[in-house]
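As a plain string of letters, each chain reads:
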Amino acid sequence: MFDELNDLYQQVILDHCKHPRNFRELDHPTCSAQGHNPLCGDQLKVFLSLDGDVIKEISFLGSGCCISKASASLLTESLKGKKKADVQQIFDRVHEMVMTGRVTGDVGKLAVFAGVHKFPARVKCAILAWHAVMAALKGDGQPVSTENQGA
Amino acid sequence: MKTDATAPPQKKKAVDWVTIRADFPILDQEVHGQPLIYFDNAATTQKPRAVLDALRRYYERDNANVHRGIHELSNRATAAFEAARVRAAAFVNARSAQEIIFTRGTTESINLVAQAWGSHNVKAGNRILLTEMEHHSNIVPWQLLAERTGAKLVYLPVTGDIGLLDLSHFDQWLAEGTKLFAMTHISNSLGTINPVSELCARARNLGITTLVDAAQSAGHRPLDVQEIGCDFLAFSGHKMCGPTGIGVLYGRQEVLEEMPPYQGGGEMILNVDLQQSTWKHAPHKFEAGTPDISGAVGLHAAMDYLDAIGRHKIAAHDQELGAYAYAKVSRLKGGIRLFGPHIGRAGLVSFLLKDVHAHDVVTVADQRGVALRGGHHCNQPLMRKLGVESTARASFYFYNTTTEIDRFSEVLGEIQNFFGG
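Residues numbered from 1 in each chain as written. Chains lettered and ligands numbered in written order. Predicted model: local features only at pLDDT ≥ 70, side-chain atom pairs only at ≥ 80, totals over all residues. Heavy atoms only, no water.

Asks: How should the overall build of chain B be read in this particular structure?
Replies: The secondary structure content of chain B amounts to 13 helices and 17 strands. For chain B, the C-alpha radius of gyration of 22 Å lies close to 22 Å, the compact-globule estimate for 421 residues. With the principal axes as the frame, chain B shows a C-alpha extent of 75 × 55 × 40 Å. By residue count, 60% of the 421 residues in chain B fall in the buried class. Restricting the contact set of chain B to residue pairs at least 6 apart, pairs at least 24 apart contribute 71%. (Helix = DSSP H or I, 4+ residues; strand = E, 2+ residues; numbered from the N terminus. Rg over C-alpha atoms; globule rule 2.2 N^0.38 Å. Buried < 20%, exposed > 50% of the residue type's maximum accessible area, 1.4 Å probe, protein only. Contact = heavy atoms within 4.5 Å.)

Below, the structure is given as structure tokens:
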């Protein structure tokens, strides 16, 4: 019935939206950051626990639309165990993918967000959690807003 | 076909709301392979051919700069611009065209008052009384004024989801140093119709200046500034079949004459010396620079168009659509939270589907050809009060039909199934 929409709301996304993974606060995070999309009011916070250069634990809390919640949930799954130094590259690939639909390297399960580029108004929803993670790793403790990031 | 706002409703001749759609070329199209159902009229309305033709005619025949021109085209452009002012005065039943200032829209109209009137009249410690259901355009200009002057903003509360004003402290707060009372006529996110005449009368009795934001009411019902008794009334052309970029500020003449100018420049001056200048009387004092002449021409055509239908009839049809939609969607099974009054609402419904974010509702509805709006509707303080981040909104105009509302309700049911479970 909603064929065109299945590109955007893939089963994996609907599942993560209804049952977000790692949806909690960490007890002793190494760093955290707040992400805010003022266009829709979405607010979420990501928490990271680092062991040296490795992301040992990662979680998030917050409210938002299906796309932003699923994106945050899948982000926590895909970044757990990754090296801090690798996150920028993954971010760049995800960013490119949701903006243009092009997948320029291995993004694993995150490939479900490739359909977002057909819905320009929803790109910011998909990228919100990623901006928050980048801000947390940068470590300046400043909340990040999609309106200051050019998507 | 011209009628004026004070004229009694024309003889009861039923309007054919379906054939009226043919006046709006844009409505005849498919979006994502589905017939377009345009339910975002509180954001902007569509334009009838009469308005599009007036714009084209102006640019093809009469375009020139206004005032001070001696040549024929300039005379025609000036005559058209000033005729629009006379028409706008009749549209809101102002005492004279001198009380009509052309602006870019409601937002600029309110900013004009906040700057020109506010800076001249508001002092530290004064209060500006607003309501919790104001659009950001009727909040932020007053915040800027409060910052400049040291005045304080006070808000009449909204009574939860039902969206009525809590007036229990109204007279007391008015009496406690309130200088200006500004309120919306119709809430863009609740559909509440506020009793502006009564509230303005209570403020006026205490000598308090009043402003009515008529952005959501101007094209939807008859407006009479003398009956409302406000000092200022603001509205936008594009929310009532007119072009974007043109709006009106009505100001009571005595109040306008005492106000300093808003912006400086050409058109508003009598004489300019190197160190100082003198300016014209209202309304020209407030219209620096080349105005939106074609916008005024288009707005004139929009006012004629609306009054040819009859604003009483538009208002009745609006309320019918609002009530129909409210009843229809409140019967949806999967859980829906509705905002705004149960009865006597304007032609819009604001809602949340259980466990579905407003933006997801709007994205899916769009794929079914239904244009909704989701978000805070420039009402962030109200959203906080209601304890939500956003709502989805369907807002109607006279060219919408109950058949479209049936389809919209069906689509909401599909959305509940899509995200449900």
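Asks: Which parts of the structure should I look at to understand the pairing of strand β10 (residues 247-251) of chain B?
Replies: Moving residue by residue along a regular strand, the side chains alternate between the two faces of the sheet. Residue and element names in this part refer to chain B. Counting buried residues along β10, five of its five residues qualify, which places the element largely inside the surrounding structure. Both faces of β10 are covered, namely the face carrying Gly247, Leu249 and Gly251 and the face carrying Val248 and Tyr250. The sheet contact formed by strand β4 (residues 100-103) and β10 spans four bridges and is antiparallel. When the bridges of β10 are listed, Phe102 appears paired with Val248. (Pairing = 2+ DSSP bridges.)

Asks: I keep staring at the interface of chain A and chain B and nothing clicks. Help me out?
Replies: Often, the extent of an interface is quoted as the loss of accessible area on bringing the components together. In this assembly, 21 residues from chain A lie in contact with 17 residues from chain B. Interface of chain A and chain B: buried area, both sides summed, is about 1,600 Å²; carbon and sulfur atoms make up 59% of it. In this structure, the connection of chain A to chain B is made through one salt bridge. Linking Arg122 of chain A and Asp360 of chain B is a salt bridge whose minimum nitrogen-to-oxygen distance equals 2.9 Å. Between the two partners, chain A and chain B, sit eight residue pairs in polar contact (both at pLDDT 80 or more). Every element with two or more residues in the side of chain A that touches chain B is listed here: α1 (3-6), α2 (11-18) and α3 (66-79) of chain A. In terms of residues, the side of chain A that touches chain B owes the most to one element, α1 of chain A, which gives three residues. Broken down by class, the residue content of the side of chain A that touches chain B amounts to 13 nonpolar, four polar and four charged. (Buried area = accessible area lost by both parts, 1.4 Å probe. Salt bridge = Lys/Arg side-chain N within 4 Å of Asp/Glu carboxyl O. Polar contact = N/O pair within 3.5 Å; in protein donor to acceptor, adjacent residues only side chain to side chain. Nonpolar A, V, L, I, M, F, W, Y, C, P; charged D, E, K, R; others polar.)

Asks: Would you explain empty space enclosed by the protein in this entry?
Replies: Using a probe with the size of a water molecule, rolled over the atoms, empty space left in the structure can be pinpointed. Residues and elements named next belong to chain B. Within the structure shown, the criterion is met by two cavities of 30 Å³ or more. One number sums up the size of the largest cavity: a volume of about 70 Å³. Class assignment of the residues belonging to the lining of the largest cavity gives a composition of five nonpolar, four polar and one charged. Of the voids in this model, the second largest cavity is the one considered here, and its volume is about 30 Å³. Along the walls of the second largest cavity sit Ile186, Ile193, His220, Arg221, Ala315, Asp318, Gln319 and Ala346, which together make up its complete lining. Tallied by class, the residues present in the lining of the second largest cavity amount to four nonpolar, two polar and two charged. (1 Å grid on protein atoms, 1.4 Å probe; cavity = no way out; pocket = protein on both sides within 12 Å on 5 of 7 lines; lining within 4 Å. Points joined across faces, edges and corners; volume = space filled by probe spheres on them.)

Asks: Please clarify how the nonpolar core should be interpreted in this entry.
Replies: What tends to happen in soluble globular proteins is that the nonpolar side chains get buried as a cluster. Formed by 155 residues in total, the largest nonpolar core has its most connected members in Phe113 of chain A together with Leu233, Phe398 and Phe408 of chain B. Element by element, the count of residues in this core is highest for helix α5 (residues 123-138) of chain A, at 13 residues. Shared between two domains, this core takes at least three residues from each, and those domains are domain 1 (52-308) and domain 2 (310-419) of chain B. When sequence neighbours within four positions are dropped, the list of residues in contact with Phe398 of chain B reads Trp17, Ile20, Phe24, Cys241, Tyr305, Leu306, Ile309, Ile314, His317 and Asp318 of chain B. (Core = buried A, V, L, I, M, F, W, Y, C linked by side-chain atoms within 4.5 Å. Domains from an automatic or database assignment.)

Asks: Would you take a moment to explain the sheet that holds strand β3 (residues 54-63) of chain A for this structure?
Replies: Within a beta sheet, neighbouring strands are joined by backbone hydrogen bonds and run either parallel or antiparallel to one another. All names here are of chain A. Strands sit in the order β3-β2-β1-β4 across an open sheet of four strands; the sheet is mixed. Sheet topology places β3 and β4 (144-145) at the edges, where each strand pairs with a single neighbour. Of the strand pairs in this sheet, strand β2 (residues 42-51) and β3 are connected by nine bridges, and their pairing is antiparallel. From the neighbouring strand, Leu50 faces β3, where its bridge partner is Ile55. Along the sheet face, α3 touches β2 and β3 and points at about 170° away from the line of β3. (Axes fitted to C-alpha atoms, helices over the stretch in contact; angles between N-to-C directions.)

Asks: How should I be thinking about the sheet that holds strand β13 (residues 336-339) of chain B in this particular structure?
Replies: All names here are of chain B. Judged by pairing direction, the sheet is antiparallel, and its four strands sit side by side in the order β13-β14-β17-β16 without closing on themselves. Only two strands of the sheet have a single partner each, and these edge strands are β13 and β16 (373-375). Sheet twist, expressed as the mean angle between neighbouring strand axes with direction ignored, is 30°. Taken together, the four bridges between β13 and strand β14 (residues 348-353) define a ladder with antiparallel strand orientation. Residue pairing in the sheet places Ile336 in a bridge with Leu353 of β14. Each of β13 and β14 is contacted by helix α10 (residues 311-330), which is oriented at about 155° to β13, the strand it contacts most. Helix α13 (residues 402-419) contacts β14 and β17 (391-395) of the sheet and is inclined by roughly 10° relative to β14.

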